[in-house]
Amino acid sequence: MSDPLDLRGLACPLPVLKANKALRGMAPGETLVLLATDPAAVKDFHAYAQETGHELLAWAEEEDEPGQRVFRFALRRREAP
């Protein structure tokens, strides 16, 4: 698996827009792992997955630096229609 897509420091809607661009360049069934610091990303990626058909496989809250929350997401690109 490649390194996570680093979206730390970006505010809504940029994490979702950049993840969408990355997913468009991936093959169906591939998994994208990404990191975000915007607390709204949790709600945004749940909604994004529901609306687009991509699967939100997992998400977790981690600590990057002392006191710095980071959200790690794993999205699977939907199968071709």
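Criteria and cut-off values
- Residues numbered from 1 in each chain as written.
- Predicted model: local features only at pLDDT ≥ 70, side-chain atom pairs only at ≥ 80, totals over all residues.
- Heavy atoms only, no water.
- Helix = DSSP H or I, 4+ residues; strand = E, 2+ residues; numbered from the N terminus.
- Buried < 20%, exposed > 50% of the residue type's maximum accessible area, 1.4 Å probe, protein only.
- Lys, Arg positive; Asp, Glu negative; His and termini not counted.
- Salt bridge = Lys/Arg side-chain N within 4 Å of Asp/Glu carboxyl O.
- Polar contact = N/O pair within 3.5 Å; in protein donor to acceptor, adjacent residues only side chain to side chain.
- Contact = heavy atoms within 4.5 Å.
- Core = buried A, V, L, I, M, F, W, Y, C linked by side-chain atoms within 4.5 Å.
- Expected span 1.5 Å × (residues − 1).
- Arc of directions from axis to C-beta.

A short note on the side chain of Asp38
Tracing the chain through its elements places Asp38 in the loop between β2 (31–36) and α2 (40–52). For the buried Asp38, which has no salt bridge, the nearest side chain bearing the opposite charge is Arg69, at an N-O separation of 7.8 Å. A polar atom in the side chain of Asp38 sits 3.1 Å from the backbone nitrogen of Ala40. If we skip the residues at most four places from it in the chain, Asp38 touches Leu10, Ala11, Cys12 and Phe71.

Some details on the nonpolar core
In terms of nonpolar packing, the biggest core is built from 17 residues, with Leu23, Leu32, Leu34, Phe45, Tyr48, Phe73 and Leu75 touching the most fellow members. Of all the elements in the fold, those that place two or more residues in this core are α1 (14–24), β2, α2 and β4 (69–76). Tallying contributions element by element places α2 first for this core, with five residues. Non-local contacts of Leu34, meaning those with residues more than four positions away in its chain, are made with Pro4, Leu5, Leu7, Ala19, Phe45, Phe71, Arg72, Phe73 and Leu75.

Quick notes on the environment of Glu62
You can see Glu62 is positioned in strand β3 (residues 55–63). The partly exposed category is assigned to Glu62, whose relative accessible area is 32%. Sequence separation of Glu62 and Thr37 is 25 residues, and the distance between their C-alpha atoms is 9.8 Å. Residues in contact with Glu62, not counting those within four places in the same chain, are Gln68, Arg69, Val70 and Arg72.

Here's the deal with α2
Here α2 is 13 residues long and its end C-alpha atoms lie 18 Å apart, about the 18 Å a rise of 1.5 Å per residue gives. Along α2, the residues classified as buried are Ala41, Val42, Phe45, Tyr48 and Ala49. Down the axis of α2, the buried set is contained in an arc of 135 degrees. They therefore lie on one face. Turned more than 90 degrees from where α2 packs its buried face, Lys43, Gln50 and Glu51 sit exposed. Where α2 is buried, its residues touch α1, β2, β3 and β4.

The quantities given are spatial measurements derived from coordinates; they are silent on function.
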